[in-house]
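# Per-entry structural report
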Number of protein chains: 2
Amino acid sequence: MKYVEFPERTSWRELFVRPKTASSATEEQVLRILNDVAQRGDVAVAELTSQIDKVNLDSIRVSTAEIEAARAQIKPELKLAIKIASENIRKFHKFVICPEDSMETMPGIRVWRKSVPIESVGLYIPGGTAPLFSTVLMLAIPASIAGCKRIILCTPPDKNGNINPAILYAASECGVTEIYKIGGAQAIAAMRYGTQTISPVYKIFGPGNSWVTMAKQLIAKDGFPIDMPAGPSELAVFADERVNPAFVAADLLSQCEHGADSQVVLVSTSKKVIEDVRAQIEFQLSGLLRNEFATKSLENSLAILVQTAEQGIELLNEYAPEHLILACDRAELLSTRVVNAGSVFIGEWSPESAGDYATGTNHTLPTSGNAKGWSGVSVDSFVKKITFQKLTREGLSQIARTVEVMAEAEGLLAHRNAVSIRMKQQ
Amino acid sequence: MKYVEFPERTSWRELFVRPKTASSATEEQVLRILNDVAQRGDVAVAELTSQIDKVNLDSIRVSTAEIEAARAQIKPELKLAIKIASENIRKFHKFVICPEDSMETMPGIRVWRKSVPIESVGLYIPGGTAPLFSTVLMLAIPASIAGCKRIILCTPPDKNGNINPAILYAASECGVTEIYKIGGAQAIAAMRYGTQTISPVYKIFGPGNSWVTMAKQLIAKDGFPIDMPAGPSELAVFADERVNPAFVAADLLSQCEHGADSQVVLVSTSKKVIEDVRAQIEFQLSGLLRNEFATKSLENSLAILVQTAEQGIELLNEYAPEHLILACDRAELLSTRVVNAGSVFIGEWSPESAGDYATGTNHTLPTSGNAKGWSGVSVDSFVKKITFQKLTREGLSQIARTVEVMAEAEGLLAHRNAVSIRMKQQ
């Protein structure tokens, strides 16, 4: 474990850069621009703006003055139309956050949203030394609850053509409707495109080796839905003097045994806690079967000393860990400050492995900092939400002018006409 | 419009293949396997299974007998552990479908889920002839409701360095916190990677030209979250004798004016309705400003005669349109059979353009058949959901054995130890 003391905020992002996973060829032309801008920032943007938009900007940020000037140019009628539309959109979007009932945004304009199960889903379960039947539960149970008609599972056979029985058992208990002996990228391809034997699915879930991961990335690039990007497993622990160092060490090692590319981060307000936990790690490591993996992943790992618990949480929000254990005083209160994490474990009696299997939360979670924008798997992952609207003549007449004005301002006269032609009708 | 009469169910998939959008280079090795399996199906799978897994299978589908044999091999203790874990997972996953309160899956095991706004989001708004300020509303309003701290907007400047005022006005009304004059792929790159001027965001939204689309696809391939894959806009209408053909024609044309690559599909149980609508299209077309686009997109479009309304909806579920208008008798009843669509417009007073602007539903919707697995944009798109768990010693003791047994069966002894070490503590 690399030890870092009181890192400056400006260094946090760099501190938490994950080891780059291999990712080869891409479409050349766009990538060249992406890399250019990623490496050279504003200069590249300015050059590209110059080349493509034929303009050289002094500042690319729009000033308040430019915004004010724009506001002054808008005709009152258009402002009103935007306001009315905004209000309706606001009403509905607030409304559909949770209960999926119908509402009227205006009299005669009834709108609603319905969760509809994705008809056909594919689950990938890796083979190899550790048969991940717990992942069968974590994927197939929410798929069943969602009401997916077809839940198919692919997993590689062993050299005798067999599949680990625990995987088959779990699948048969949890509503999987078809199981196939296919591994690697070819399984992803089969589920995506279909074969003579396997009908294609509409979304693919599950962990895998680098072939599977690359296949999922490639279909995601083409717009095909996947659960989330895959990456090595991670655990961060925030610990203070209150906690038993042996517990923390056991938690960190439980993550490290996943593979040589796993990463753990220990954050504490106490140098003594860090030292005690490291000593416990050394002590427990010798008793582990998979200690070769653990030793290697500890080399990728960090122990960080911070000034306050609040700063520790801020730092951990920048890290955005897959799993976060708060083994400290005021753990539940501190948990309300967590904004980037997959799943959070509160207090010293909440080890990660409890959630990996049995607390009820899902263990398919975003890694590699993706918790900043992705959620873990849930029933939501197995449905899509369709919106509906039913207008009466009176309802349409209430927004007719709004639509006509906005459509016209966007230069879309056929859009305007679809309303106007109805309003002309007696 | 191509006319198709009573298409066989087996031909539906082929009937609805969208014109392929250009997509160039990819990572070679995995793509070769994907294409191989996509083109040659089972044969390729079998060959790859043989090469990689070193086994030749008679059948790749797992038989009932194999499942039964597997079940028989599982020890009762493990079956029980799986059952207990399954029940807890089921309870929680059912529970979190909607109200985000906390619950106990077992006494002393409290679990909950929290919607947390994505801290920083980027919106792209195209420039060009039609200034899509309505899309500013559709993206920035849900972002605001979600509570995103930074909502940044990129849009290309014109030759004089200006941005359309309607876009600036809409942005300033709807909670956008920063606006930049950057267009194309470089805007996506700037928002993704950050520059000296622009801090990076955690998710990117919005439509764009092929450069923007390719940039979004490439970042999606790397696991970066985007709203959804982009494609040409689409509208399907199911119409019967009840409807005014002039209304249907106006709706179809409103979609066609978006661009030469737009597609519309008209499905009806009446040949006369199809003929009347086509006559109305010819009549209205001459009055349209953007009739060049409309004429071209009509060439991509279909008019399909079906036997019954129910069959029409089934066919349309295979098409999975971005927008679906049900202009027919029993429209609301039929809408309950819709499983694949972005947004549904019920009855003849619900034109698509009403929803494009002002009914309150979102107009950022999945195209190209992606409605089979993707949802439109909503407040959900701007949050991630973090799970939490807090166990007492008693709570952990209730699942300790479950975790130990499952971890051991997966060969993960450090996972087991994280629980055992706690249970040994007095």
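Residues numbered from 1 in each chain as written. Chains lettered and ligands numbered in written order. Predicted model: local features only at pLDDT ≥ 70, side-chain atom pairs only at ≥ 80, totals over all residues. Heavy atoms only, no water.

## Some details on unusual backbone geometry
A positive phi angle is found at S368 of chain A, which is not glycine, with a value near 55°. Here S368 of chain A shows up in the loop between α15 (352–357) and β13 (383–391). S368 of chain A gets classed as partly exposed once you look at its relative accessible area, which sits at 30%. Phi angles above zero are rare outside glycine, and R330 of chain B is one such case at about 55°. Tracing the chain through its elements places R330 of chain B in the loop between β11 (323–327) and α14 (331–335). (Helix = DSSP H or I, 4+ residues; strand = E, 2+ residues; numbered from the N terminus. Buried < 20%, exposed > 50% of the residue type's maximum accessible area, 1.4 Å probe, protein only.)

## Looking at the pairing of strand β12 (residues 343–346) of chain A
Both faces of β12 of chain A are covered, namely the face carrying S343 and F345 of chain A and the face carrying V344 and I346 of chain A. Bridge count for strand β11 (residues 323–327) of chain A against β12 of chain A is four bridges, and the pairing is parallel. Residue pairing across strands places H323 of chain A opposite S343 of chain A, the latter belonging to β12 of chain A. Two strands pair when backbone bridges link them, and β12 of chain A and strand β13 (residues 383–391) of chain B are joined in this way by four bridges, in the parallel orientation. Bridge assignment links F345 of chain A to a residue of β13 of chain B, and that residue is Q389 of chain B. (Pairing = 2+ DSSP bridges.)

## Thoughts on the packing of aromatic side chains
Residues and elements named next belong to chain B. With the rule as written, the count across this model stands at eight aromatic pairs over all chains. Centre to centre, the rings of W112 and F388 are 5.5 Å apart; their planes meet at 5°, and the pair counts as stacked. Pair noted here: W112 is in strand β3 (residues 109–117) and F388 is in strand β13, with a separation of 276 residues, a long-range link. The class for W112 is buried, based on a relative accessible area of 11%. Note on F388: relative accessible area 1%, which makes it buried. (Phe/Tyr/Trp six-rings, centres within 6.5 Å; stacked < 30°, edge-to-face > 60°.)

## Digging into the environment of T336 of chain B
Residue and element names in this part refer to chain B. Its place among the elements puts T336 in the loop between α14 and β12 (343–346). Separated by 23 residues in sequence, T336 and I313 place their C-alpha atoms 9.9 Å apart. In terms of polar contacts, T336 uses its side chain to reach the backbone carbonyl oxygen of L333, at 2.6 Å. (Polar contact = N/O pair within 3.5 Å; in protein donor to acceptor, adjacent residues only side chain to side chain.)

## Notes on the pattern of salt bridges
In a structure, side chains of opposite charge can pair up when their charged atoms sit close to one another. Following the criterion strictly, the structure yields 36 salt bridges over all chains and no others. Salt-bridge contacts for R330 of chain A lead to E310 of chain A; the nearest nitrogen and oxygen are separated by 3.2 Å. With R330 of chain A in the loop between β11 and α14 (331–335) and E310 of chain A in helix α13 (residues 309–319), this residue pair connects regions lying 20 residues apart in the sequence. Residue R110 of chain B pairs with E332 of chain A through a salt bridge whose shortest N-O separation is 2.9 Å. One end of the pair, R110 of chain B, is in strand β3; the other, E332 of chain A, is in helix α14, on a second chain. Looking at R110 of chain B, the relative accessible area reads 24%, which means it is partly exposed. What emerges from the salt-bridge pattern is a single network uniting R13, E318 and K372 of chain A. (Salt bridge = Lys/Arg side-chain N within 4 Å of Asp/Glu carboxyl O.)

## Topic: the side chain of S134 of chain A
In this fold, S134 of chain A is placed in helix α6 (residues 133–146). The contact partners of S134 of chain A, leaving out residues within four places of it in the chain, are D356, Y357 and H363 of chain A together with M406 and E410 of chain B. (Contact = heavy atoms within 4.5 Å.)

## Things to note about helix α12 (residues 291–299) of chain A
One turn of the α-helix equals 3.6 residues, which is why residues spaced by three or four share an orientation. All names here are of chain A. Three or more residues of α12 are buried, namely A294, S297 and L298. Viewed end-on, α12 has its buried residues packed into an arc of 105°, placing them on one side of the element. Facing away from the buried side of α12 by more than 90 degrees, the exposed set consists of E292, K296 and E299. If you follow the buried residues of α12, they end up packed against α10 (245–256), β9 (263–268) and α11 (271–285). (Arc of directions from axis to C-beta.)

## Observations concerning the side chain of S335 of chain B
Inspection of the secondary structure assignment puts S335 of chain B in helix α14. Note on S335 of chain B: relative accessible area 2%, which makes it buried. Setting aside anything within four residues of it in sequence, one finds S335 of chain B in contact with K114 and F388 of chain A together with L326, V344 and I346 of chain B.

## Overview of the environment of T295 of chain A
Within the element layout of this structure, T295 of chain A appears in helix α12. Sequence spacing of T295 of chain A and G259 of chain A is 36 residues, and the spatial spacing of their C-alpha atoms is 9.7 Å.

## Points about the environment of S297 of chain A
Residue and element names in this part refer to chain A. Note on placement: S297 falls in helix α12. The buried category is assigned to S297, whose relative accessible area is 0%. The spacing of S297 and E257 is 40 residues in sequence and 7.9 Å in space, taken between C-alpha atoms. With residues near it in sequence (within four places) discarded, S297 still touches C256, G259, A260 and S262.

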